Amino acid sequence: MSNKAWGGRFEEKPEAWVDAFNASIHFDKELIHEDIRGSIAHVTMLANQGILTEDEKDQIIKGLNDVKADYLNGDMELSESLEDIHLNIEHALIQKIGEVGGKLHTGRSRNDQIATDLHLYTKDQVETIIEMIKFFQHTILKLANEHVETIMPGYTHLQRAQPISFAHHIMTYFWMLERDKSRFKDSLKRIDISPLGAAALSGTTYPIDRFDTQEQLGFGSVYENSLDAVSDRDYVVETLSNISLTMVHLSRFAEEIIFWSTDEAKFVTLSDAFSTGSSIMPQKKNPDMAELIRGKVGRTTGSLMSMLMTLKGLPLAYNKDMQEDKEGLFDAIHTIKGSLRIFEGMVATMKVNEDRLHETVHQDFSNATELADYLVLKDIPFRDAHEIVGKIVLWCIQNDKYLLDVPFEEYQKHHEKIEEDVYEYLKPANCLKRRKSYGSTGQEAVYEQLKVAKTYL
Ligand code: ARG
């Protein structure tokens, strides 16, 4: 197949291996639906403007739909010498309906065509990602509702710090995802712009109507500047950035789940359906899904860097460098959708080991701050209280005890203001109960938080 679309001024044909380097068809075929949608809108507008006849329009639209059907049935042969999805479709169209197919490209260039396809695609995918985030948030919220009273150690420096509610812990990811969702939503106004009609770079002499195609394609606005329309890939960068940040958040959650399911922690048990075994160690049940999600942030962030570097220093308007925008974007979109889907399933089926968490918070010093606060209530300055509790903890470590097991006489030796009520005071559940400040981990505050979270969904 020779490339009829631009063969006119050429005396020699490119060799197949050169065509292969130039071609994007092996990845931009992902845009077939958007490309055909864009073409149908364009040709409809051409007829509305009297640039094509109604009959020509009808033939072209029928031809485009037939090409799509062929593609979906596996009956369309894609060719590298036809470079990309646009020229492959146009070629197939002309094969099907003859010369009139050649009128489709009137008043249009592949430059505004690819920009249109990519805007339509990105918009659609971002909308799907927003829905998937929301779905995952529902799952987190549901699990949180079941575990407001489940107490676990909260960490800083990955050292036990203070007891917190399990619900409170996982709700942190709900809020991260909420911000991610809001970033994706906000980005839509910069994605939802029609470049169609900008043609190669300068607009066109045909009496086209850009607002007609904008409306047909459901875009919120049109680019005001034809050069900008074909040169802008900001929205690709922004989408990659939003995807990468969401993946960073998922990777943090994944890391916690990996830790929680170790034999050392045993805080949660992943369902078999979301775990894998070892080919050599029969006892193993590995959290591969969580590890993969943690690892995949590398590729989305790589694509973000790659897009930024490709755009750096590019002169106006279209340059072939821009063909490099697609693989990273497609890959990042597949990656985040796959990760969100798996993560949701993993969390929905994961078992929270309440007994183990209960045991854990009763065998650590995460209530030490409480003991200091207890002394402060008895009018001891916080710095002194800190010092006293430090000494009590040291005694515990040397005598293999936790704060709830310290004999009363021992407490008395450290400070006479420590009374019998200290044991009630130090129970993890009571530590939480006293936290009433807004947004804190106290049971009441967490129930309030869950109520607010619900309004976001
Ligand atoms: N395959 C090209 C791309 O993805 C389409 C635009 C080609 N335009 C051009 N003037 N060669 O960027």
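Cut-offs used in this document
- Residues numbered from 1 in each chain as written.
- Predicted model: local features only at pLDDT ≥ 70, side-chain atom pairs only at ≥ 80, totals over all residues.
- Heavy atoms only, no water.
- Helix = DSSP H or I, 4+ residues; strand = E, 2+ residues; numbered from the N terminus.
- Buried < 20%, exposed > 50% of the residue type's maximum accessible area, 1.4 Å probe, protein only.
- Polar contact = N/O pair within 3.5 Å; in protein donor to acceptor, adjacent residues only side chain to side chain.
- Near = heavy atom within 4 Å.
- Areas by Shrake-Rupley, 256 points an atom, 1.4 Å probe, with all protein chains shown as cover.
- Nonpolar A, V, L, I, M, F, W, Y, C, P; charged D, E, K, R; others polar.
- UniProt positions renumbered as here; feature names shortened; annotations may be inferred.
- Salt bridge = Lys/Arg side-chain N within 4 Å of Asp/Glu carboxyl O.
- Core = buried A, V, L, I, M, F, W, Y, C linked by side-chain atoms within 4.5 Å.
- Contact = heavy atoms within 4.5 Å.

It is not clear to me how the environment of R233 should be interpreted in this structure. Could you clarify?
Residue position: R233 is located in the loop between α9 (226-231) and α10 (234-260). Look at R233 and you get buried, because its relative accessible area is 1%. Residues R233 and L311, spaced 78 residues apart in sequence, show a C-alpha to C-alpha distance of 7.9 Å. Engagement of the side chain of R233 in a polar contact is seen with the backbone oxygen of V230, the distance being 3.5 Å.

How should the site of the ligand be read in this particular structure?
Surrounding the ligand, one finds S24, D84, H86, R110, N111, I114, Y318, Q323 and K326. Between a nitrogen atom of the ligand and a side-chain N or O atom of R110, the distance comes to 3.4 Å. Contact distances for the ligand include 2.4 Å between an oxygen atom and a side-chain N or O atom of Y318. Coverage of the ligand by the protein amounts to 86% of the 340 Å² it exposes when considered alone. Per-element tally for the shell around the ligand: the top contributor is helix α6 (residues 110-146), with three residues. Looking at the shell around the ligand residue by residue, the class counts come to two nonpolar, four polar and three charged.

I tried to follow the UniProt feature "domain: Argininosuccinate lyase C-terminal" (unreviewed entry) in the protein chain on my own but got confused; where do I start?
Using the residue numbers shown here, the UniProt feature "domain: Argininosuccinate lyase C-terminal" (unreviewed entry) corresponds to residues 365-432. A helix fraction of 66% and a strand fraction of 0% characterise residues 365-432, whose end C-alpha atoms lie 15 Å from each other.

Please clarify how the pattern of salt bridges should be interpreted in this entry.
Between side chains of opposite charge, pairing is possible as soon as their charged atoms come close. A complete count under the given rule lists 30 salt bridges for this structure. Linking D325 and K326 is a salt bridge whose minimum nitrogen-to-oxygen distance equals 2.8 Å. Among the salt bridges present, the one from K391 reaches E387, with a minimum N-O distance of 2.9 Å. Placement of both K391 and E387 in helix α15 (residues 382-399) is noted, with a separation of four residues, approximately one turn of the helix. One connected set of salt bridges, linked through shared partners, spans E83, D84, R110 and K320.

I would appreciate a short explanation of the environment of T349 in the present structure.
Within the fold, T349 resides in helix α12 (residues 325-349). For the pair T349 and T269, spaced 80 residues apart in sequence, the C-alpha to C-alpha distance is 9.0 Å. Within the structure, the side chain of T349 is placed 3.4 Å from the side chain of S271, a separation counted as a polar contact. At 2.7 Å, the side chain of T349 and the backbone oxygen of G345 are in polar contact.

Mind showing me how you'd approach the nonpolar core here?
One broad trend across soluble globular proteins is that nonpolar side chains are buried collectively. In terms of nonpolar packing, the biggest core is built from 73 residues, with F136, I140, F166, F253, I257, W260 and F343 touching the most fellow members. Among the elements of the structure, α6, α7 (166-191), α9, α10, α11 (288-311), α12 and α19 (443-455) are those that each provide at least two residues to this core. It is α6 that provides the largest number of residues to this core, a total of 13 residues. Setting aside residues up to four positions removed in sequence, F343 forms contacts with F136, L250, F253, A254, I257 and I293. Within the second largest apolar cluster, 21 residues are counted, among which are V393, W395, L403 and Y425.

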